[in-house]
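Here is how the chains run, residue by residue.
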Amino acid sequence: MVASLLILTDFFQAADRALDYASNLAGEIGARLVLLHVRRDSVLDPEMFTGQLSNLSQEAIALALNSVAGNLAVPVVAEVGHGQVAYALADAVSRHHPTLVVLGRPDYSDLPDELIQTTSLDILRTAPYPMLVVPHTLVTTTPPRRVLLAVDGESFSLGAHAGAIRHLLAALHAELTIVHVAPVAAAEAAPDPAIWDSAVQTGLAVELPKAVRTRTVVHHHPGEGILQAARPEDFDLVMVVARPRSFLGQLFHHSVTAHVLLHSALPVLVLPATE
């Protein structure tokens, strides 16, 4: 079965940037693209009456999808979903079983973090799946090689997605660095080997061409510490673990994952853990 990347598009700038990134990534790993546009025509959609949704006709959507698909250098399947994004995406995921879901991160700079109800959060709650979020400010769309994996020291499992993520990293010939953020008070303490073991035990490094590096960053705020490490001059992609206790409750907007997701200059690959 050919691997695929499922990308959401609303034809706006952030989605276009994500599509460029996804198409280059698909070409690198030999995958096809599943291009999904969702007509958000559900009366339950919180943005239905805010003017924040595109209002394209079916004919215009078909033309736009055909135009986009025709300009891509990788195999592509285009689909139109209906209703709320998370549910339409869950349906597409159940049929295509992609390696990743890909979406663009729009400009949220004028909104407080607490007010942002992102599509990514809806997806994590409805259909937890490995999700690549590409910032609209990204300069390069070159496939990532230098990958930073942030861990908190607690054990975690990626469940059924572990194999797909391992093969993705292997196909990219990724150089993996595991980072842990320690509080200032623990700056002089030697890192607990269990911190690195929590990531190694997932098997993500099994097929990589180079040894995994480890790094400790000292910062009182874990999210800021990860962002401090995830600099574009040093890395191409940052991976974070989303735990169910965060995204299934009301803690997500105060979580480390959300902070990195909203503020990273790098693409962020969110890995939903099974606990």
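Residues numbered from 1 in each chain as written. Predicted model: local features only at pLDDT ≥ 70, side-chain atom pairs only at ≥ 80, totals over all residues. Heavy atoms only, no water.

1. Section: the pattern of salt bridges
Phase 1 of the analysis: Taken as a whole, this structure holds 10 salt bridges when the rule is applied.
Phase 2 of the analysis: When the shortest N-O distance is used, the salt bridge between Asp-236 and Arg-146 registers 2.8 Å. Residue Asp-236 is located in the loop between helix H7 (222-229) and strand E9 (237-242), and its partner Arg-146 is located in strand E6 (residues 146-151); the two are separated by 90 residues in the primary sequence.
Phase 3 of the analysis: Judged by its relative accessible area of 22%, Asp-236 falls in the partly exposed class.
Phase 4 of the analysis: Owing to a relative accessible area of 26%, Arg-146 belongs among the partly exposed residues under this scheme.
Phase 5 of the analysis: For Arg-243, the salt bridge is made with Asp-152, and the minimal N-O distance between the two is 3.0 Å. Of the two residues, Arg-243 is situated in the loop between E9 and helix H8 (244-247) and Asp-152 in the loop between E6 and helix H5 (162-171); the sequence distance between them amounts to 91 residues.
Phase 6 of the analysis: Overall, the relative accessible area of 6% leaves Arg-243 in the buried class.
Phase 7 of the analysis: Through salt bridges with shared partners, a single network forms among Glu-79, Asp-91 and Arg-95. (Salt bridge = Lys/Arg side-chain N within 4 Å of Asp/Glu carboxyl O. Helix = DSSP H or I, 4+ residues; strand = E, 2+ residues; numbered from the N terminus. Buried < 20%, exposed > 50% of the residue type's maximum accessible area, 1.4 Å probe, protein only.)

2. What to know about the nonpolar core
Phase 1 of the analysis: Counting 46 residues, the largest nonpolar core has Leu-100, Val-102, Leu-132, Leu-149 and Met-239 as its most contacted members.
Phase 2 of the analysis: It is helix H1 (residues 13-29) that provides the largest number of residues to this core, a total of six residues.
Phase 3 of the analysis: Those residues in contact with Leu-132, other than ones at most four positions away along the chain, are Tyr-21, Leu-25, Leu-100, Val-101, Val-102, Leu-103, Leu-237, Pro-267, Val-268 and Leu-269. (Core = buried A, V, L, I, M, F, W, Y, C linked by side-chain atoms within 4.5 Å. Contact = heavy atoms within 4.5 Å.)

3. Remarks on unusual backbone geometry
Phase 1 of the analysis: Even without glycine at this site, Phe-11 takes up a positive phi of about 70°.
Phase 2 of the analysis: Phi is positive for His-97, close to 45°, though the residue is something other than glycine.

4. Description of the environment of Val-217
Phase 1 of the analysis: The topology assignment puts Val-217 in strand E8 (residues 213-218).
Phase 2 of the analysis: Accessibility expressed as a relative area gives 3% for Val-217, which makes it buried.
Phase 3 of the analysis: Remark: the alpha-carbon pair of Val-217 and Ala-229, spanning 12 residues in sequence, is separated by 7.2 Å.
Phase 4 of the analysis: If near-sequence neighbours (up to four positions away) are discounted, Val-217 is found in contact with Val-179, His-180, Val-181, Ala-182, Gly-225, Gln-228 and Ala-229.

5. Some thoughts on the side chain of Glu-79
Phase 1 of the analysis: In this structure, Glu-79 sits in strand E3 (residues 76-82).
Phase 2 of the analysis: Within polar-contact distance, the side chain of Glu-79 engages the side chain of Arg-95 at 3.0 Å.
Phase 3 of the analysis: Setting aside residues up to four positions removed in sequence, Glu-79 forms contacts with Leu-35, Leu-36, His-37, Leu-65, Ala-92, Arg-95 and His-96. (Polar contact = N/O pair within 3.5 Å; in protein donor to acceptor, adjacent residues only side chain to side chain.)

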